[in-house]
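# Examining the three-dimensional arrangement
One-letter residues, chain by chain:
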Amino acid sequence: NIVNFNVDHYARLNLDVSGEPFSTNYHILKVSGLPDVSSALDYLRRFDASDEVIDGTVAEGFTTFIVSPENYDIFLKDRNTGAYLNFFEEEYLNR
């Protein structure tokens, strides 16, 4: 589970995990408290590689990405995951 993952790998950061509905079929799981983009990318890579986190979760349709605090409200307003994933890949993954 995510809280255990955070305690095991990121205890010094005191991360906060929260969830909220995104649409009829999807929820957002939000991890906040990462200090910068580099830390967020490290977290994302470790999270995606970890078997312990998504155990029992349907991997199909489970997408992970980073949204800065500045872009989070825009993302929630637009609710266009495809457009945001394109932006995410260009701005974060292709650095």
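## Considering the environment of P21
For P21, the location among the structural elements is in strand β1 (residues 16-21). On the accessibility criterion, P21 (56% relative accessible area) is exposed. Contact partners of P21, with chain neighbours within four places excluded, come to Y26, H27 and R79.

## What about the pairing of strand β2 (residues 27-32)?
In terms of strand pairing, β1 meets β2 through 6 bridges, oriented antiparallel. Bridged to V17 within β2 is V31. Where β1 folds back onto β2 in an antiparallel hairpin, the turn is made up of 5 residues.

## Some points on the packing of helix α1 (residues 2-10) against helix α2 (residues 37-49)
Running from N to C, α1 and α2 point in directions that differ by 120°, and their axes come no closer than 12 Å. In this view, α1 runs oblique relative to α2, as classed from their interaxial angle. Read as a crossing pair, α1 and α2 show a hand that is right-handed. In contact with I2, F5, N6, H9 and Y10 of α1, α2 contributes D42, Y43, R46 and F47. In terms of residue class, the contact of α1 with α2 is built from 5 nonpolar, 2 polar and 2 charged.

## Some words on unusual backbone geometry
With a phi angle near 55°, N14 is a residue other than glycine that sits in the positive phi range. With respect to the helices and strands, N14 occurs in the loop between α1 and β1.

## Some remarks on α1
Buried within α1 are the following residues: I2, F5, N6 and Y10. All buried residues of α1 fall inside an arc of 100° around its axis, so they share one side. Pointing more than 90 degrees away from the buried face of α1 are the exposed residues V7 and D8. Turning to α1, the residues buried within the fold contact β1, β2 and α2.

## Focus on the packing of aromatic side chains
One pass over the full model with this rule turns up 13 aromatic pairs. Arranged with centres 5.0 Å apart and planes meeting at 50°, the rings of Y10 and Y43 form a pair that is tilted. Of this pair, Y10 sits in helix α1 while Y43 sits in helix α2, and the two are 33 residues apart along the sequence. Of the two residues, Y10 and Y43, neither departs from the other in class, the shared state being buried. Ring pairing ties together the aromatic residues F22, F65, F75, Y84, F87, F88 and Y92, which thus form one cluster. The ring of Y72 is capped by K30, whose NZ or CZ atom sits 4.4 Å from the centre of that ring.

Criteria and cut-off values
Residues numbered from 1 in each chain as written. Predicted model: local features only at pLDDT ≥ 70, side-chain atom pairs only at ≥ 80, totals over all residues. Heavy atoms only, no water. Helix = DSSP H or I, 4+ residues; strand = E, 2+ residues; numbered from the N terminus. Buried < 20%, exposed > 50% of the residue type's maximum accessible area, 1.4 Å probe, protein only. Contact = heavy atoms within 4.5 Å. Pairing = 2+ DSSP bridges. Axes fitted to C-alpha atoms, helices over the stretch in contact; angles between N-to-C directions. Parallel < 35°, antiparallel > 145°, perpendicular 65-115°, else oblique. Left-handed = near helix turned anticlockwise from the far one by under 90°. Nonpolar A, V, L, I, M, F, W, Y, C, P; charged D, E, K, R; others polar. Arc of directions from axis to C-beta. Phe/Tyr/Trp six-rings, centres within 6.5 Å; stacked < 30°, edge-to-face > 60°. Lys NZ or Arg CZ within 6 Å of the ring centre and 35° of its normal.

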